Amino acid sequence: MRPAGLPSADELDRALRNAAPAEVIAAALKVVGRERLALVSSFGTESAALLKVMADVDPAIPVIFLDTGWLFEETLAYRDTLIATLGLRDVRSIKPLEETLTREDPERELWFSDPDACCRIRKVEPLARALAPFSAWINGRKRFQGGLRADIPVVEDGGIRLKFNPFANVSREDIEAIYSLAKLPPHPLAASGFLSVGCMPCTSRTSAGEDARAGRWRGRTKTECGIHTVKTS
Ligand code: SF4
(Lines give C-alpha, C1' and ligand atoms only; values in the text may rest on other atoms or scores of the structure.)
Protein backbone atom coordinates (compact mmCIF):
# COMPACT_ATOMS: atom_id res chain seq x y z
CA MET A 1 0.00 0.00 0.00
CA ARG A 2 1.28 3.50 -0.81
CA PRO A 3 0.78 6.29 1.75
CA ALA A 4 -1.15 9.15 0.14
CA GLY A 5 1.00 11.60 -1.80
CA LEU A 6 4.24 9.62 -1.45
CA PRO A 7 6.25 7.58 -3.96
CA SER A 8 6.00 3.81 -3.62
CA ALA A 9 8.43 1.86 -1.44
CA ASP A 10 9.77 0.08 -4.55
CA GLU A 11 10.47 3.36 -6.33
CA LEU A 12 12.28 4.78 -3.30
CA ASP A 13 14.17 1.56 -2.72
CA ARG A 14 15.43 1.53 -6.31
CA ALA A 15 16.69 5.10 -5.90
CA LEU A 16 18.26 4.57 -2.45
CA ARG A 17 19.45 0.97 -2.37
CA ASN A 18 23.12 1.98 -2.58
CA ALA A 19 22.86 5.27 -0.69
CA ALA A 20 24.76 6.01 2.51
CA PRO A 21 22.67 6.03 5.72
CA ALA A 22 22.73 9.85 5.98
CA GLU A 23 21.53 10.11 2.36
CA VAL A 24 18.66 7.75 3.11
CA ILE A 25 17.55 9.82 6.10
CA ALA A 26 17.93 13.08 4.17
CA ALA A 27 15.86 11.63 1.32
CA ALA A 28 13.17 10.44 3.75
CA LEU A 29 13.04 13.92 5.25
CA LYS A 30 12.74 15.54 1.85
CA VAL A 31 10.10 13.17 0.51
CA VAL A 32 8.01 12.74 3.67
CA GLY A 33 8.66 15.96 5.65
CA ARG A 34 9.59 16.19 9.33
CA GLU A 35 5.98 16.41 10.52
CA ARG A 36 5.20 13.01 9.01
CA LEU A 37 8.49 11.18 9.67
CA ALA A 38 9.62 9.48 12.90
CA LEU A 39 12.57 7.33 13.93
CA VAL A 40 11.96 4.39 16.27
CA SER A 41 14.81 3.54 18.64
CA SER A 42 15.23 1.04 21.48
CA PHE A 43 18.23 2.97 22.85
CA GLY A 44 19.98 -0.39 22.80
CA THR A 45 23.60 -1.35 22.32
CA GLU A 46 23.87 -0.18 18.68
CA SER A 47 21.26 2.59 18.72
CA ALA A 48 23.60 5.53 19.15
CA ALA A 49 25.00 5.02 15.64
CA LEU A 50 21.66 5.57 13.87
CA LEU A 51 20.73 8.38 16.24
CA LYS A 52 24.05 10.09 15.52
CA VAL A 53 23.50 9.86 11.75
CA MET A 54 19.97 11.21 12.19
CA ALA A 55 21.09 14.03 14.49
CA ASP A 56 23.66 15.12 11.89
CA VAL A 57 20.84 15.34 9.32
CA ASP A 58 18.21 16.84 11.63
CA PRO A 59 18.15 16.42 15.44
CA ALA A 60 14.48 17.48 15.55
CA ILE A 61 13.13 14.42 13.75
CA PRO A 62 10.75 12.83 16.30
CA VAL A 63 12.25 9.75 17.99
CA ILE A 64 9.85 7.17 19.42
CA PHE A 65 11.07 5.06 22.35
CA LEU A 66 8.89 2.22 23.61
CA ASP A 67 9.13 2.15 27.40
CA THR A 68 7.58 -1.26 28.01
CA GLY A 69 7.78 -1.13 31.81
CA TRP A 70 10.26 -4.01 31.73
CA LEU A 71 13.35 -2.09 30.60
CA PHE A 72 16.68 -2.01 32.43
CA GLU A 73 17.36 1.18 34.39
CA GLU A 74 20.58 1.38 32.36
CA THR A 75 18.58 1.69 29.13
CA LEU A 76 16.51 4.56 30.53
CA ALA A 77 19.72 6.27 31.65
CA TYR A 78 21.28 5.67 28.21
CA ARG A 79 18.28 7.33 26.57
CA ASP A 80 18.89 10.43 28.67
CA THR A 81 22.64 10.36 28.00
CA LEU A 82 22.10 10.19 24.23
CA ILE A 83 19.48 12.94 24.27
CA ALA A 84 22.06 15.20 25.91
CA THR A 85 25.08 13.99 23.91
CA LEU A 86 23.45 14.18 20.49
CA GLY A 87 21.13 17.11 21.14
CA LEU A 88 18.02 15.11 20.23
CA ARG A 89 15.15 17.56 20.35
CA ASP A 90 12.01 15.41 20.22
CA VAL A 91 12.29 12.03 21.97
CA ARG A 92 8.88 10.62 22.85
CA SER A 93 8.80 7.85 25.48
CA ILE A 94 5.68 5.80 24.87
CA LYS A 95 4.19 3.49 27.52
CA PRO A 96 1.53 0.80 27.23
CA LEU A 97 -1.94 1.82 28.36
CA GLU A 98 -2.49 1.11 32.07
CA GLU A 99 -5.98 -0.21 31.39
CA THR A 100 -4.59 -2.73 28.89
CA LEU A 101 -1.94 -3.92 31.36
CA THR A 102 -4.52 -4.28 34.13
CA ARG A 103 -6.86 -6.19 31.86
CA GLU A 104 -4.42 -8.45 30.03
CA ASP A 105 -1.41 -8.84 32.33
CA PRO A 106 -2.45 -8.13 35.93
CA GLU A 107 0.22 -10.48 37.35
CA ARG A 108 3.02 -9.24 35.04
CA GLU A 109 3.73 -12.80 33.95
CA LEU A 110 2.68 -12.61 30.32
CA TRP A 111 6.34 -12.38 29.22
CA PHE A 112 6.62 -16.01 30.43
CA SER A 113 3.22 -17.50 29.55
CA ASP A 114 2.69 -15.76 26.19
CA PRO A 115 5.57 -13.52 25.09
CA ASP A 116 3.90 -12.69 21.76
CA ALA A 117 0.89 -11.28 23.64
CA CYS A 118 3.22 -9.44 26.02
CA CYS A 119 5.07 -7.83 23.09
CA ARG A 120 1.75 -6.98 21.46
CA ILE A 121 0.43 -4.99 24.42
CA ARG A 122 3.79 -3.49 25.39
CA LYS A 123 5.33 -2.80 21.98
CA VAL A 124 3.16 -3.40 18.92
CA GLU A 125 0.02 -1.57 20.12
CA PRO A 126 1.87 1.36 21.72
CA LEU A 127 3.93 1.77 18.55
CA ALA A 128 0.81 1.80 16.38
CA ARG A 129 -0.57 4.54 18.64
CA ALA A 130 2.67 6.53 18.57
CA LEU A 131 2.98 6.27 14.80
CA ALA A 132 -0.58 7.43 14.13
CA PRO A 133 0.46 10.96 13.06
CA PHE A 134 3.26 9.71 10.78
CA SER A 135 3.42 8.48 7.19
CA ALA A 136 6.86 6.88 7.43
CA TRP A 137 9.33 5.62 10.01
CA ILE A 138 13.03 4.98 10.21
CA ASN A 139 14.53 2.05 12.10
CA GLY A 140 17.96 0.54 12.68
CA ARG A 141 17.72 -3.06 11.43
CA LYS A 142 20.71 -4.43 9.54
CA ARG A 143 21.01 -7.37 7.16
CA PHE A 144 24.04 -8.70 9.03
CA GLN A 145 21.76 -9.43 12.00
CA GLY A 146 20.47 -12.39 9.96
CA GLY A 147 17.19 -14.24 10.50
CA LEU A 148 14.19 -12.30 9.21
CA ARG A 149 16.45 -9.27 8.77
CA ALA A 150 18.84 -10.85 6.26
CA ASP A 151 16.95 -9.63 3.19
CA ILE A 152 15.46 -6.29 4.21
CA PRO A 153 15.44 -3.60 1.52
CA VAL A 154 16.46 0.00 2.22
CA VAL A 155 12.87 1.14 1.81
CA GLU A 156 9.90 -1.16 2.35
CA ASP A 157 6.15 -1.13 2.43
CA GLY A 158 5.16 -1.15 6.10
CA GLY A 159 1.41 -1.26 5.63
CA ILE A 160 -0.05 2.21 5.69
CA ARG A 161 3.43 3.67 6.24
CA LEU A 162 6.78 3.55 4.50
CA LYS A 163 9.68 2.05 6.42
CA PHE A 164 13.18 3.37 5.86
CA ASN A 165 16.04 1.03 6.84
CA PRO A 166 19.12 3.27 6.39
CA PHE A 167 21.39 0.66 7.99
CA ALA A 168 20.19 -2.27 5.86
CA ASN A 169 23.54 -2.37 4.02
CA VAL A 170 25.96 -1.48 6.79
CA SER A 171 28.40 -3.90 8.41
CA ARG A 172 29.18 -4.37 12.09
CA GLU A 173 32.50 -2.61 11.38
CA ASP A 174 30.63 0.40 9.93
CA ILE A 175 28.63 0.68 13.16
CA GLU A 176 31.78 0.43 15.25
CA ALA A 177 33.42 3.11 13.11
CA ILE A 178 30.50 5.51 13.71
CA TYR A 179 30.82 4.93 17.48
CA SER A 180 34.56 5.40 17.38
CA LEU A 181 34.68 8.48 15.11
CA ALA A 182 31.95 10.29 17.05
CA LYS A 183 33.21 9.02 20.43
CA LEU A 184 29.70 7.83 21.22
CA PRO A 185 29.15 6.48 24.74
CA PRO A 186 28.44 2.72 24.84
CA HIS A 187 25.27 1.30 26.39
CA PRO A 188 26.07 0.81 30.10
CA LEU A 189 25.38 -2.95 29.85
CA ALA A 190 27.58 -3.58 26.80
CA ALA A 191 30.72 -4.01 28.89
CA SER A 192 29.11 -6.77 30.97
CA GLY A 193 28.35 -9.06 28.04
CA PHE A 194 24.99 -7.84 26.74
CA LEU A 195 25.39 -7.46 22.98
CA SER A 196 21.68 -6.77 22.41
CA VAL A 197 19.46 -5.31 25.11
CA GLY A 198 15.67 -5.43 25.28
CA CYS A 199 13.33 -6.08 28.21
CA MET A 200 14.82 -7.54 31.41
CA PRO A 201 12.96 -10.88 31.47
CA CYS A 202 13.76 -11.58 27.81
CA THR A 203 17.43 -10.50 27.64
CA SER A 204 20.48 -12.49 28.63
CA ARG A 205 24.22 -12.18 28.10
CA THR A 206 25.76 -13.66 24.96
CA SER A 207 28.74 -16.00 25.00
CA ALA A 208 31.79 -15.69 22.76
CA GLY A 209 30.92 -16.76 19.22
CA GLU A 210 27.17 -16.30 19.59
CA ASP A 211 25.16 -13.91 17.40
CA ALA A 212 24.48 -10.56 19.03
CA ARG A 213 20.75 -11.31 19.26
CA ALA A 214 21.20 -14.83 20.69
CA GLY A 215 20.54 -13.44 24.17
CA ARG A 216 17.06 -12.25 23.25
CA TRP A 217 14.18 -14.62 24.16
CA ARG A 218 16.78 -17.31 24.87
CA GLY A 219 15.37 -20.83 24.79
CA ARG A 220 12.30 -19.78 22.81
CA THR A 221 11.54 -19.88 19.12
CA LYS A 222 10.72 -16.17 19.21
CA THR A 223 13.29 -13.89 17.53
CA GLU A 224 11.34 -10.67 16.91
CA CYS A 225 9.02 -8.64 19.12
CA GLY A 226 6.52 -8.03 16.35
CA ILE A 227 7.00 -4.36 15.56
CA HIS A 228 8.71 -5.34 12.32
CA THR A 229 6.68 -8.42 11.50
CA VAL A 230 3.20 -7.04 12.16
CA LYS A 231 2.34 -4.27 9.70
CA THR A 232 1.32 -1.12 11.57
CA SER A 233 -2.12 0.30 10.99
S1 SF4 B 1 10.42 -8.43 25.16
FE2 SF4 B 1 9.61 -9.75 26.82
S3 SF4 B 1 8.97 -8.39 28.51
FE4 SF4 B 1 9.31 -7.12 26.65
S5 SF4 B 1 7.32 -6.89 25.80
FE6 SF4 B 1 8.24 -8.67 24.76
S7 SF4 B 1 7.71 -10.51 25.98
FE8 SF4 B 1 7.21 -8.66 27.19
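Residues numbered from 1 in each chain as written. Predicted model: local features only at pLDDT ≥ 70, side-chain atom pairs only at ≥ 80, totals over all residues. Heavy atoms only, no water.

*Asks:* Would you take a moment to explain the site of the ligand for this structure?
*Replies:* Neighbouring the ligand are 10 residues, the closest being Pro 115, Cys 118, Cys 119, Cys 199 and Cys 202. Take the shell around the ligand: its biggest share by element is five residues, from helix α7 (residues 115–130). (Near = heavy atom within 4 Å. Helix = DSSP H or I, 4+ residues; strand = E, 2+ residues; numbered from the N terminus.)

*Asks:* Looking at this model, I keep getting lost on the side chain of Lys 123. Mind explaining?
*Replies:* By the secondary structure assignment, Lys 123 is in helix α7. Given a relative accessible area of 11%, Lys 123 falls into the buried group. If near-sequence neighbours (up to four positions away) are discounted, Lys 123 is found in contact with Leu 66, Thr 68, Cys 199, Arg 216, Cys 225 and Ile 227. (Buried < 20%, exposed > 50% of the residue type's maximum accessible area, 1.4 Å probe, protein only. Contact = heavy atoms within 4.5 Å.)

*Asks:* Which parts of the structure should I look at to understand the environment of Ile 178?
*Replies:* With respect to the secondary-structure elements, Ile 178 resides in helix α8 (residues 172–182). Sequence-wise, Ile 178 and Ala 48 are 130 residues apart; in three dimensions their C-alpha atoms are separated by 8.8 Å. Residues in contact with Ile 178, not counting those within four places in the same chain, are Ala 49, Lys 52, Val 53, Phe 167 and Leu 184.

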